[in-house]
Amino acid sequence: DSLSAAAGGTGLDIIFDGNTTKNNITLTDNLADALSVKDGSNDYMVFRSTSGEEGIEMRKSIDFMADSYFADNKALVFGQDDDASIMYDELTDDKLEIKCAAGGIVFENSAVDFGRDQEGKDVRFMADKDVNDYLLWDADQNRLQILAGASAVVSLGETADGYAVDVPEGTA
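K.L.:
Any details on the environment of glutamate 90? Residues and values, ideally.
P.N.:
Position of glutamate 90 relative to the elements: it lies in the loop between strand E5 (84-89) and strand E6 (95-99). For the pair glutamate 90 and glutamate 119, spaced 29 residues apart in sequence, the C-alpha separation works out to 24 Å. With near-sequence residues (within four places) excluded, glutamate 90 lies in contact with Asp72 and Asn73.

Pasting the structure below:
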């Protein structure tokens, strides 16, 4: 069966004028293609109702013309094997998490700025195994530090006389 305008070229306007929760399009359960939005053989959007695999497949590019919002603690996942993802984690540590595949992140032909308008922010590069070992750019002190535990092992930065490398006694 199909629904179409009585006169060709006039278009079809479907108006849902029910109250809240009364306007529905109900899909049959457990179908790999429960509903398609298409033009001829070109699928634009496919709704899956397959039990345990429900979802919406966007099969054409999407142009966002306004802000888009993701709920807190929900990830934008790339690849079928969770190759990479971006998520704002409000529950655990209130941070934006960018998780990458083994290949890492590539910033091609662009610089990476931390902070805005010269306000300066610390930048921390964490070690793989020990969360207390990291490389830190300390914006307040204008220093680059290598830390092992809570102690700086090597420090490079401004002093009253210019710039200096500081290696605390007993760490070299």
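After that view, the rundown keeps rolling.
K.L.:
Tell me about the packing of aromatic side chains, residues and numbers included.
P.N.:
As enumerated under the stated definition, the model contains 0 aromatic pairs in all. Above the plane of the ring of tyrosine 44 lies lysine 60, whose end atom (NZ or CZ) is 5.9 Å from the centre. Across from the ring centre of tyrosine 134, 4.9 Å away, lies the NZ or CZ of arginine 124, which sits over that ring.

K.L.:
Tell me about the pattern of salt bridges, and please be specific about residues and values.
P.N.:
This structure, assessed with the given rule, holds 5 salt bridges. Across the pair aspartate 43 and arginine 59 runs a salt bridge, and its minimum N-O distance is 2.9 Å. Here aspartate 43 is found in strand E2 (residues 42-48), whereas its partner arginine 59 is found in the loop between strand E3 (55-58) and strand E4 (75-78), with 16 residues between them in sequence. Classification of aspartate 43 by relative accessible area gives buried; the value is 16%.

K.L.:
Can you break down the sheet that holds E2 residue by residue, with the values?
P.N.:
The strand order across the open sheet formed by 3 strands is E1-E2-E3, and the pairing between neighbours is antiparallel. A single partner strand is all that each edge strand has here, and the edge strands are strand E1 (35-39) and E3. The mean angle between the axes of side-by-side strands here comes to 10°, regardless of whether they run parallel or antiparallel. Judged from the 5 bridges that link them, E1 and E2 form a sheet pairing that is antiparallel. Paired with aspartate 39 across the strands is asparagine 42, a residue of E2.

K.L.:
Run through the sheet that holds strand E9 (residues 143-148), naming residues and quoting values.
P.N.:
Spatially, 5 strands are ordered E7-E8-E9-E10-E11 in an open sheet, and the strand pairing comes out antiparallel. On the outer flanks of this sheet lie strand E7 (123-126) and strand E11 (162-166), each paired with one strand and no other. Going from strand to strand, the sheet's axes swing by 15° on average, the running direction of each strand aside.

K.L.:
Explain the layout of surface pockets to me, using residue names and the numbers behind them.
P.N.:
By volume, the largest pocket is sized at about 750 Å³. Breaking the lining of the largest pocket down by element, the ones donating at least two residues are E6 and E7. By residue number, the principal contributor to the lining of the largest pocket is E6, which donates 5 residues. By residue class, the composition of the lining of the largest pocket is 10 nonpolar, no polar and 6 charged.

K.L.:
Quick rundown of the pairing of E6? Include the residues and the values.
P.N.:
As judged from the 5 bridges shared by E5 and E6, these two strands associate in the antiparallel manner. Of the residues in E6, the one forming a bridge with tyrosine 88 is leucine 96. Connecting E5 to the antiparallel partner E6 that follows it, the hairpin turn spans 5 residues, and aspartate 94 within it adopts a positive phi of roughly 55°.

K.L.:
Now, about unusual backbone geometry: what can you tell me, with residues and values included?
P.N.:
A positive phi is found at aspartate 94, a non-glycine position, where the angle reads about 55°. With respect to the helices and strands, the residue aspartate 94 is situated in the loop between E5 and E6. The exposure class of aspartate 94 is partly exposed, given its relative accessible area of 48%. The phi angle at asparagine 142 is positive, at roughly 55°, despite the residue not being glycine. On the basis of relative accessibility, which here comes to 25%, the residue asparagine 142 falls in the partly exposed class.

Definitions and cut-offs
- Residues numbered from 1 in each chain as written.
- Predicted model: local features only at pLDDT ≥ 70, side-chain atom pairs only at ≥ 80, totals over all residues.
- Heavy atoms only, no water.
- Helix = DSSP H or I, 4+ residues; strand = E, 2+ residues; numbered from the N terminus.
- Contact = heavy atoms within 4.5 Å.
- Phe/Tyr/Trp six-rings, centres within 6.5 Å; stacked < 30°, edge-to-face > 60°.
- Lys NZ or Arg CZ within 6 Å of the ring centre and 35° of its normal.
- Salt bridge = Lys/Arg side-chain N within 4 Å of Asp/Glu carboxyl O.
- Buried < 20%, exposed > 50% of the residue type's maximum accessible area, 1.4 Å probe, protein only.
- Pairing = 2+ DSSP bridges.
- Axes fitted to C-alpha atoms, helices over the stretch in contact; angles between N-to-C directions.
- 1 Å grid on protein atoms, 1.4 Å probe; cavity = no way out; pocket = protein on both sides within 12 Å on 5 of 7 lines; lining within 4 Å.
- Points joined across faces, edges and corners; volume = space filled by probe spheres on them.
- Nonpolar A, V, L, I, M, F, W, Y, C, P; charged D, E, K, R; others polar.

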